Amino acid sequence: MAKEFVVRRPLPEFGLWEKMADGRAVFSFDLEATARCNLDCRHCYINRPAGDRAARKRELGVDEIGRIGAEAAALGAVWCLLTGGEPLLRPDFFDLYQALLSKGLLISLFTNATLVSDEHVRFFKKFPPRDIEVTVYGVTRETYERVTRTPGSFDAFLRGLDRLLAGGITVRLKAMALRSNKHELAAIGDFCRARTKDYYRFDPQLHLRFDRDESRNTLIRAERLSPREVVRLERADPERFGALEAACDEILPAPAAEGARVPECRHIFRCGVGQRSFVVGPEGHLRPCLSLSHPDFLYDLRTGSLAAAWTGFLPAVLRRESDKREYLEKCGRCPIVNLCLWCPAHAYLETGELDLPVEEFCRVAEARAEGLKSG
Amino acid sequence: MTGKIELGRAYRPSDDVVVREIEGEIVIVPLTSGIGDLEDELLTLNETGRAIWARLDGSRPLAAVVAELESEYEDAEGEVRVDVVGFVQELYDRRMIVEKS
């Protein structure tokens, strides 16, 4: 008999990954516990007011969340990301967290930290999540609250974050790169690195609203950085730039081959969406990815099973092809498509169509390609 | 919870862990803190660990588990007993199993 029976295996070495690489299998899912949030960030694509009673009434209950968690675990899900809106707004947060944890799911939590109380910290110490991700919108009151548009939120954020860190909870920090906080991004990076040992990243990509609220979309567009600004930020981040370079080895045409025709691709989903994960919205609608809000890609888990959604619905809808000339001649043949923010989900949010090019995304991809070429 | 396990007692999985079979692997997921510092790790069982774990269902004393495995593994040198007791003690120390009351 072997002497070692329990194997402590680092997650990246877990044999499951190799097995999953052989075929389509559930690894993780995101659960949006609520679309409501106590903040009102300029760039947010989903938030409803914290006191929106109609939205609250439509949210999944703890029993429903437990059932979805059990179905996901039965399909092999290892990981659940609990997100929102702001999940801690839910008065039954502890119950819904335990409803998922008790199925043997590893839990990650996204929160703005402003509502973290000592009771939360005691709970997380007893039932630890794998990690908690907190977004840092600014490191001064002026910048933070310019983004969140919520007076008092900066102090609440600092208090909540300090509570988590003092409690020894694993926290990862991140930032959104916005027009409103661009001047502070370097300081945000320093703030994050000073508080967490291994993690800091920023995201320059701002989705438009799921509810297509034009006044809010105007705010979001105003927060977007220019393509050149995005590239400058990426070049200043060796890890991020290295990842882009690695992806580009296979994408950018070699000099001799420039001008050669790139094979046309009619499929609009080319990112592996729906192969390892899915998202469940606050009202129980499964969708293939976080950004995809098109009604053709929503499956109501209140009336159907997760297994049926995973084995029947998703593979069918993700085979969608395009016959639109604009798409086929542009995105369908684009050699730098992997540098692009384009995907059907973002195209839908930007244009109302799943398969139309988005000129602004082309500019970002071109700026990235230029940046990579100039080394 | 610490202490020495006894061959005359039966043990069962703790309520503080969930044991799942995922893609053919047995994965032990702690629900509460103190069962393992597992920030970036998962606990899995190898084949022998699985054979032992499957018998820790509270239905029989540990001595019976040892006897079953000794017969299954044709052990002449008493290694099975040492290994099983060592493994079960480790599980008990980690609070993954508890004594059947």
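Quick caveat: nothing in here was measured; it's all calculated off a predicted structure.

Criteria and thresholds
- Residues numbered from 1 in each chain as written.
- Chains lettered and ligands numbered in written order.
- Predicted model: local features only at pLDDT ≥ 70, side-chain atom pairs only at ≥ 80, totals over all residues.
- Helix = DSSP H or I, 4+ residues; strand = E, 2+ residues; numbered from the N terminus.
- Buried ≥ 20, exposed ≤ 12 C-beta atoms within 10 Å, placed from the backbone.
- Contact = placed C-beta atoms within 7 Å.
- Axes fitted to C-alpha atoms, helices over the stretch in contact; angles between N-to-C directions.
- Parallel < 35°, antiparallel > 145°, perpendicular 65-115°, else oblique.
- Left-handed = near helix turned anticlockwise from the far one by under 90°.
- Nonpolar A, V, L, I, M, F, W, Y, C, P; charged D, E, K, R; others polar.
- Pairing = 2+ DSSP bridges.
- pLDDT = per-residue confidence, 0-100.
- Core = buried A, V, L, I, M, F, W, Y, C linked by C-beta atoms within 7 Å.

(A) Expanded view of the overall build of chain A. From N to C terminus, chain A includes 15 helices and 12 strands. Out of the 375 residues in chain A, the part that is buried amounts to 40%. For chain A, contacts bridging at least 24 residues in sequence account for 72% of all contacts bridging at least 6.

(B) Summary view of the overall build of chain B. Assigned secondary structure in chain B consists of 3 helices and 5 strands. Secondary structure of chain B in N-to-C order comes out as β-β-β-β-α-α-α-β. Counting over 101 residues, chain B shows a buried share of 28%. Across chain B, every contact between residues at least 6 apart in sequence was considered, and the portion connecting residues at least 24 apart equals 58%.

(C) Seen up close, the packing of helix 1 (residues 47-55) of chain B against helix 2 (residues 62-73) of chain B. Residues and elements named next belong to chain B. It is the contact of helix 1 with helix 2, at a shortest axis distance of 10 Å, that shows an interaxial angle of 140°. One way to sum up the angle between helix 1 and helix 2 is to call them oblique. Crossing handedness for the pair helix 1 and helix 2: right-handed. On helix 2, the residues touching Ala 51, Ile 52 and Arg 55 of helix 1 are Val 65, Glu 68 and Leu 69. Class assignment for the residues of the contact of helix 1 with helix 2 results in 4 nonpolar, no polar and 2 charged.

(D) How the structure looks around the pairing of strand 10 (residues 277-280) of chain A. Burial of strand 10 of chain A is one-sided: the residues Phe278(A) and Val280(A) facing one way are buried, the residues Ser277(A) and Val279(A) facing the other way are not. Where strand 10 of chain A hands over to strand 11 (residues 285-287) of chain A, the hairpin turn is made up of 4 residues, of which Gly284(A) adopts a positive phi near 90°.

(E) Region of the structure containing the confidence of the model for chain B. All names here are of chain B. Mean pLDDT over chain B: 85, with 88% of residues reaching 70 or higher. Of all secondary-structure elements in chain B, the lowest mean pLDDT belongs to strand 4 (residues 41-45), at 76, while strand 1 (residues 11-13) reaches the highest, 94. Reported for the predicted complex are a pTM of 0.88 and an ipTM of 0.79.

(F) Here's a closer look at helix 14 (residues 344-351) of chain A. Where burial is concerned, most of helix 14 of chain A is hidden: 6 out of the 8 residues are buried. Buried residues of helix 14 of chain A: Pro344(A), Ala345(A), Ala347(A), Tyr348(A), Leu349(A) and Glu350(A), and no others.

(G) Expanded view of the nonpolar core. Membership of the largest hydrophobic core comes to 114 residues, with the highest contact counts inside it found for Cys80(A), Leu82(A), Leu100(A) and Ile107(A). Ignoring sequence-local partners within four residues, the contact set of Ile107(A) consists of Cys80(A), Leu82(A), Tyr97(A), Leu100(A), Leu101(A), Pro129(A) and Arg130(A).

(H) Expanded view of the environment of Tyr137(A). Residues and elements named next belong to chain A. Relative to the assigned elements, Tyr 137 resides in the loop between strand 7 (131-135) and helix 6 (141-148). Expressed as a C-alpha distance, the spacing of Tyr 137 and Phe 154, which sit 17 residues apart in the sequence, is 9.0 Å. Excluding residues that lie within four positions of it along the chain, Tyr 137 makes contacts with Cys 41, Tyr 144, Val 147, Thr 148, Met 176 and Asn 181.

(I) Inspection of unusual backbone geometry at higher detail. All names here are of chain A. Put simply, Gly 84 and Gly 85 share a cis peptide bond, and its omega is 15°. Among the secondary structure elements, Gly 85 is positioned in the loop between strand 5 (79-83) and helix 4 (93-101). Even without glycine at this site, Arg 149 takes up a positive phi of about 55°. Within the element layout of this structure, Arg 149 appears in the loop between helix 6 and helix 7 (153-166). Residue class for Arg 149 comes out partly exposed when judged on the 14 C-beta atoms lying within 10 Å of it. At Arg 212, a residue that is not glycine, the phi angle is positive and equals roughly 55°. Turning to its location among the elements, Arg 212 is positioned in the loop between strand 9 (200-203) and helix 9 (214-223).

(J) Structural view of the confidence of the model for chain A. Averaged over chain A, the pLDDT score is 88; the fraction of residues at 70 or greater is 87%. Low confidence marks residues 252-260 of chain A, where pLDDT is under 50. Its contacts with residues over four positions away, or in another chain, come to 7 contacts.

(K) How the structure looks around the packing of helix 10 (residues 227-235) of chain A against helix 15 (residues 359-373) of chain A. Residue and element names in this part refer to chain A. Between helix 10 and helix 15, the shortest axis-to-axis distance is 9 Å and the interhelical angle comes to 40°. When the axis of helix 10 is compared with that of helix 15, the two are oblique. Helix 10 and helix 15 meet at a crossing whose hand is right-handed. Every residue of helix 15 that contacts helix 10 at Pro 227, Arg 228, Val 230, Val 231 and Arg 235 is listed here: Arg 363, Val 364, Ala 367, Arg 368 and Gly 371.

(L) Structural view of the environment of Thr32(B). Following the sequence through the fold, Thr32(B) ends up in the loop between strand 3 (25-30) and strand 4. Assessed through the 15 C-beta atoms surrounding it within 10 Å, Thr32(B) is described here as partly exposed. Sequence-wise, Thr32(B) and Val17(B) are 15 residues apart; in three dimensions their C-alpha atoms are separated by 7.6 Å. Those residues in contact with Thr32(B), other than ones at most four positions away along the chain, are Lys126(A), Phe127(A) and Asp16(B).

(M) Quick look at the environment of Leu185(A). Residue and element names in this part refer to chain A. On the secondary structure map, Leu 185 appears in helix 8 (residues 185-195). Assessed through the 22 C-beta atoms surrounding it within 10 Å, Leu 185 is described here as buried. With residues near it in sequence (within four places) discarded, Leu 185 still touches Ala 175, Ala 177, Phe 202 and Leu 233.

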